[in-house]
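Topology and contacts: notes
Here is how the chains run, residue by residue.
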Amino acid sequence: MVPEHTSSETIAPTVAADHDELRSLAVELAEAAAAHVRARRPQVFAADGPAAGAVATKGHVTDPVTVVDTESEQLIRALLAERRPADPILGEEGGGDVGASAAGAVTWVVDPIDGTVNFLYGLPGYAVSVAAVRDGSPVAGAVVDVATATTYSAALGGGAHAVRADGTRTRLRCAREDSLAVALIGTGFAYGAARRAKQAELLAAVLPEIRDIRRLGAAAMDLCHVAAGELDGYYEHGLNAWDWAAGALIAAEAGAVVRVPDVTVGGAAGELTVVAAPGVAADLSALLTRVGATTALPD
């Protein structure tokens, strides 16, 4: 697989002394926000439906944002204002500009709820994602699975780990599968109808060449599943930096080959993200090239 920006090969191998400190802070922020999200869901989404004004839409009618998304990001921003007030923030709901940071400075890239549709419906599989990015590459990150209270985290050069709700800590390693024909691959779909239709065409070409496909609904979680060996690979068009920044580092530190867009490229450009265990990475890349999936799918 030829990495485009960030991968197990292109995430810089140098290790700064503060990477683990940044990882610890990313964990603290993501866990605080996840606890808030976990507590607020039954308050906002009662059995008879969501509270008035709790749900709105963004660029597409299929793309929801909830009041809890906004609250979660506000909490993370408030905590960062106390701990690292000079650091800029790029958040899905509050915006920001990761490309404006000075050389060597840290920008925090935040997805307050990744998998908002799952959150809206009460399906497991939504997370809070927080990454520290320096000079265009993630150097620390955490993804918290809200439903299971599992925290995935990594520091550049320090490996990737998961901590379960009972405190059990495990080092993450990708699957050892080396045959694409029996690989379980994750993917995701856009909110816009035109891009979604093209993604469906590509999926129809990919599916006969692999064991099966999974569409779980949260990119950050998909990346962590690859890191944990629970998926053999994952691809999707049109991710934003907040979707992949923490999860891509976690996957790379677990041994995955990772290809993502430049951190400054928005999801509307439709560029491809690919993450795979080393044994299937080259074959997955070749398959995606053969079916035309490496071409961007603009929104």
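Each chain carries its own residue numbering, running from 1 in the written order of its sequence. For this predicted model, a pLDDT threshold of at least 70 governs which residues receive local features, and a threshold of 80 or more governs which side-chain atom pairs are given and counted, while totals over whole chains, interfaces and linings are taken from all residues. Only hydrogens and water are removed before side-chain values are computed, so all heavy atoms of the structure are retained for them.

An unreviewed UniProt entry annotates the protein as Inositol-1-monophosphatase originating from Nocardia neocaledoniensis. UniProt positions are given in the numbering used here, feature names are shortened, and annotations may be inferred rather than shown by experiment. The record in UniProt for the protein states the following under Catalytic activity (unreviewed entry): "a myo-inositol phosphate + H2O = myo-inositol + phosphate". Recorded in UniProt for the protein, the comment headed Cofactor (unreviewed entry) runs: "Mg(2+)".

Quick notes on the overall build of the protein
Looking only at helices and strands, the protein features seven helices and 16 strands. Whereas a compact globule of 299 residues would reach a radius of gyration of roughly 19 Å, the protein reaches 18 Å, a difference of no more than 12%. Considering only C-alpha atoms, the protein reaches an extent of 50 × 45 × 40 Å along its principal axes. Sequence-distant contacts, at least 24 apart, represent 65% of the contacts inside the protein between residues at least 6 apart. Taken together, the 22 basic and 37 acidic charged side chains of the protein have centroids lying 3 Å from each other. Counting from the N terminus, the helices are DSSP H or I runs at least four residues long and the strands are E runs at least two residues long. For this measure, only C-alpha atoms enter the radius of gyration; the expected value for a globule follows 2.2 Å times N^0.38, where N is the number of residues. Should any heavy atoms of two residues lie within 4.5 Å, those residues are counted as being in contact. When charges are counted, Lys and Arg are positive and Asp and Glu negative, with His and the chain ends excluded. Every charge is mapped onto a representative atom, which is NZ of Lys, CZ of Arg, CG of Asp or CD of Glu.

Some words on the sheet that holds strand 15 (residues 257–259)
In short, DSSP must find at least two bridges between two strands for them to pair. Pairing in this open sheet of five strands is mixed, and the strands run 13-12-14-16-15 from one edge to the other. Each having just a single partner strand, strand 13 (212–214) and strand 15 make up the two edges of the open sheet. Across this sheet, the average inter-strand angle for adjacent strands is 15°, counted without regard to direction. Taken together, the three bridges between strand 15 and strand 16 (residues 272–276) define a ladder with antiparallel strand orientation. When the sheet's bridge partners are listed, Arg 259 is paired in strand 16 with Val 274. Most of the contacts of helix 4 (residues 193–206) go to strand 14 (residues 233–237), to which it runs at about 150°, and overall it touches strand 13 and strand 14. Between N-to-C directions, angles span 0 to 180 degrees; the directions come from axes that are lines fitted to C-alpha atoms, helices contributing only their stretch in contact.

Things to note about the pairing of strand 7 (residues 127–134)
In terms of burial, strand 7 is a largely internal element, eight of the eight residues being buried. Residues Ala 127, Ser 129, Ala 131 and Val 133 line one face of strand 7 and the alternating positions Val 128, Val 130, Ala 132 and Arg 134 line the opposite face, and both faces are buried. Two elements, strand 6 (residues 106–114) and strand 7, share seven bridges in a ladder whose sense is antiparallel. Bridge pairing links Asp 111 to Ser 129 in strand 7. Here eight bridges tie strand 7 to strand 8 (residues 137–145), and the two strands are oriented antiparallel to one another. Bridging from a neighbouring strand, Arg 134 pairs with Ser 137 of strand 8. Two successive antiparallel strands, strand 7 and strand 8, enclose a turn made up of two residues, where Asp 135 displays a positive phi of approximately 50°. Partly exposed describes any residue whose relative accessible area lies between the buried limit of under 20% and the exposed limit of over 50%, with all areas from a 1.4 Å probe on protein chains only and scaled to the type maximum.

Details of unusual backbone geometry
We note that Asp 135 has phi near 50°; this positive angle belongs to a residue other than glycine. As for its placement among the helices and strands, Asp 135 is situated in the loop between strand 7 and strand 8. The phi angle at Ala 149 is positive, at roughly 55°, despite the residue not being glycine. Topologically, Ala 149 is positioned in the loop between strand 8 and strand 9 (150–155). With relative accessibility at 27%, the residue Ala 149 sits in the partly exposed group.

Here we look at the sheet that holds strand 10 (residues 160–163)
Strands pair in a sheet through their backbones, by hydrogen bonds, and they do so in one of two ways: parallel or antiparallel. As summarised here, the arrangement of the seven strands in space is 5-6-7-8-9-10-11, forming an open sheet in which the pairing is mixed. Each edge of the open sheet carries a strand with a single partner, namely strand 5 (89–91) and strand 11 (169–171). Each neighbouring strand pair of the sheet contributes to a mean axis angle of 15°, computed without reference to strand direction. Along the sheet face, helix 1 (residues 19–44) touches strand 6, strand 7, strand 8 and strand 9 and points at about 30° away from the line of strand 8.

So, the pattern of salt bridges
For salt bridges, the criterion is a side-chain nitrogen of Lys or Arg within 4 Å of an Asp or Glu carboxyl oxygen. In the structure shown here, the tally under the stated rule is 10 salt bridges. Across the pair Arg 134 and Asp 18 runs a salt bridge whose closest N-O atoms are separated by 2.8 Å. With Arg 134 in strand 7 and Asp 18 in the segment before helix 1, this residue pair connects regions lying 116 residues apart in the sequence. Exposure remark for Arg 134: the relative accessible area of 16% places this residue in the buried category.

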